Amino acid sequence: MFNFGTLLKWVLSTPVQFIMGRRFYVGFYRSLSHSLANMDVLIALGTNAAYFLLVYVVLKAAVSPDFESMDFFETSAMLISFILLGQYLKVLAKGKTSEAIAKLMDLPSDTTTL
């Protein structure tokens, strides 16, 4: 059954899929153009499979009134969001580690052994 909530989830998850997930599509294309497979390929294929299956389910529900199914548009959006959050936290951790190493290098040593 097609309802307003399903349409709203579709509209809200589409920008996440294609705007926030753009970096994965670019990486997907570059990786496959060099005949390699990396994490971008895995993310792009997985989120696209989830997204386009749900688009099919929603369109089928709109055409056939007796079609019953559940929609999970938030799946692909949450996957992309969690991966981007993880990458952001990794960059923060690397920055703090670099600062800590720089401070350690500035500390004078009491004795030096040659």
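Residues numbered from 1 in each chain as written. Predicted model: local features only at pLDDT ≥ 70, side-chain atom pairs only at ≥ 80, totals over all residues. Heavy atoms only, no water.

Chemist: I keep staring at the overall build of the protein and nothing clicks. Help me out?
Modeler: A tally of regular secondary structure across the protein gives four helices and zero strands. In terms of overall dimensions, the protein is more spread out than a globule: its C-alpha atoms have a radius of gyration of 22 Å, far above the 13 Å expected for 114 residues. Viewed in the frame of its principal axes, the protein has a C-alpha envelope of about 85 × 35 × 20 Å. Looking at the protein residue by residue over its 114 residues, the buried ones come to 25%. The long-range share in the protein, meaning contacts at least 24 apart out of those at least 6 apart in sequence, stands at 62%. By element, 70% of the accessible surface of the protein is carried by carbon and sulfur atoms, the whole surface being about 8600 Å². (Helix = DSSP H or I, 4+ residues; strand = E, 2+ residues; numbered from the N terminus. Rg over C-alpha atoms; globule rule 2.2 N^0.38 Å. Buried < 20%, exposed > 50% of the residue type's maximum accessible area, 1.4 Å probe, protein only. Contact = heavy atoms within 4.5 Å. Areas by Shrake-Rupley, 256 points an atom, 1.4 Å probe, with all protein chains shown as cover.)

Chemist: Teacher, can you tell me more about unusual backbone geometry here?
Modeler: Outside of glycine, negative phi angles account for most residues, and trans bonds account for most peptide bonds. Even without a glycine there, the phi angle at Ser35 is positive, about 60°. Here Ser35 shows up in the loop between α2 (22-33) and α3 (39-63).

Chemist: Any chance you could explain the packing of aromatic side chains here in plain terms?
Modeler: Where two aromatic rings form a pair, the distance of their centres and the angle of their planes describe that pair. Counted according to the given criterion, the structure contains six aromatic pairs. Ring centres of Phe18 and Tyr25 lie 6.0 Å apart, and the angle between their planes is 15°; on these two criteria the pair is classed as stacked. Residue Phe18 is classed as partly exposed on the basis of its relative accessible area of 32%. Pairing Tyr51 with Phe73 gives two aromatic rings, centres 6.0 Å apart and planes at 65°, and the pair type is edge-to-face. With Tyr51 in helix α3 and Phe73 in the loop between α3 and α4 (74-106), this residue pair connects regions lying 22 residues apart in the sequence. Among the residues examined, Tyr51 registers a relative accessible area of 4% and is labelled buried. Members of the aromatic cluster, connected to one another through ring pairs, are Trp10, Phe18, Tyr25, Tyr51, Phe52 and Phe73. (Phe/Tyr/Trp six-rings, centres within 6.5 Å; stacked < 30°, edge-to-face > 60°.)

Chemist: Even after reading the chapter, I still don't get a nonpolar patch on the surface, so can you show me in this structure?
Modeler: Where nonpolar side chains cluster on the molecular surface, the patch consists of Met78, Phe82, Leu85, Tyr88, Leu89 and Leu92 and spans about 600 Å² of accessible area. Its location among the elements puts Tyr88 in helix α4. (Patch = residues over 30% accessible without salt bridge, like charges linked within 9 Å, V, L, I, M, F, W, Y side chains within 5 Å. Salt bridge = Lys/Arg side-chain N within 4 Å of Asp/Glu carboxyl O.)

Chemist: Got a minute to help me understand the packing of helix α1 (residues 4-20) against α2 in this structure?
Modeler: In helix packing, the relevant descriptors are the interaxial angle and the interaxial distance, both defined with respect to the helix axes. Relative to each other, α1 and α2 sit at 40°, their axes nearing to 5 Å. Taken together, the axis directions place α1 and α2 in an arrangement best described as oblique. Residues Gln17, Phe18, Ile19 and Met20 of α1 pack against Arg22, Arg23 and Tyr25 of α2. Split by residue class, the contact of α1 with α2 holds four nonpolar, one polar and two charged. (Axes fitted to C-alpha atoms, helices over the stretch in contact; angles between N-to-C directions. Parallel < 35°, antiparallel > 145°, perpendicular 65-115°, else oblique. Nonpolar A, V, L, I, M, F, W, Y, C, P; charged D, E, K, R; others polar.)

Chemist: Would you mind going over α3 with me for this structure?
Modeler: At 3.6 residues per turn, the α-helix brings residues three or four places apart onto the same side. For α3, which comprises 25 residues, the first-to-last C-alpha distance of 36 Å matches the rise-based estimate of 36 Å (1.5 Å per residue) to within 8%. The distance from a side-chain oxygen at the start of α3 to the backbone nitrogen of Asp40 is 3.1 Å, and the residue carrying that oxygen is Asn38. (Expected span 1.5 Å × (residues − 1). Polar contact = N/O pair within 3.5 Å; in protein donor to acceptor, adjacent residues only side chain to side chain.)

Chemist: Can you walk me through the environment of Leu107 in this structure?
Modeler: Among the secondary structure elements, Leu107 is positioned in the segment after α4. C-alpha of Leu107 to C-alpha of Arg30: the two residues are 77 residues apart in sequence and 44 Å apart in space.

Chemist: Just to check I follow, could you spell out the confidence of the model for the protein for this structure?
Modeler: A low pLDDT means the predicted coordinates there should not be read in detail. When pLDDT is averaged along the protein, the result is 88; 96% of the residues meet or exceed 70. Of all secondary-structure elements in the protein, the lowest mean pLDDT belongs to α1, at 90, while α2 reaches the highest, 94. (pLDDT = per-residue confidence, 0-100.)

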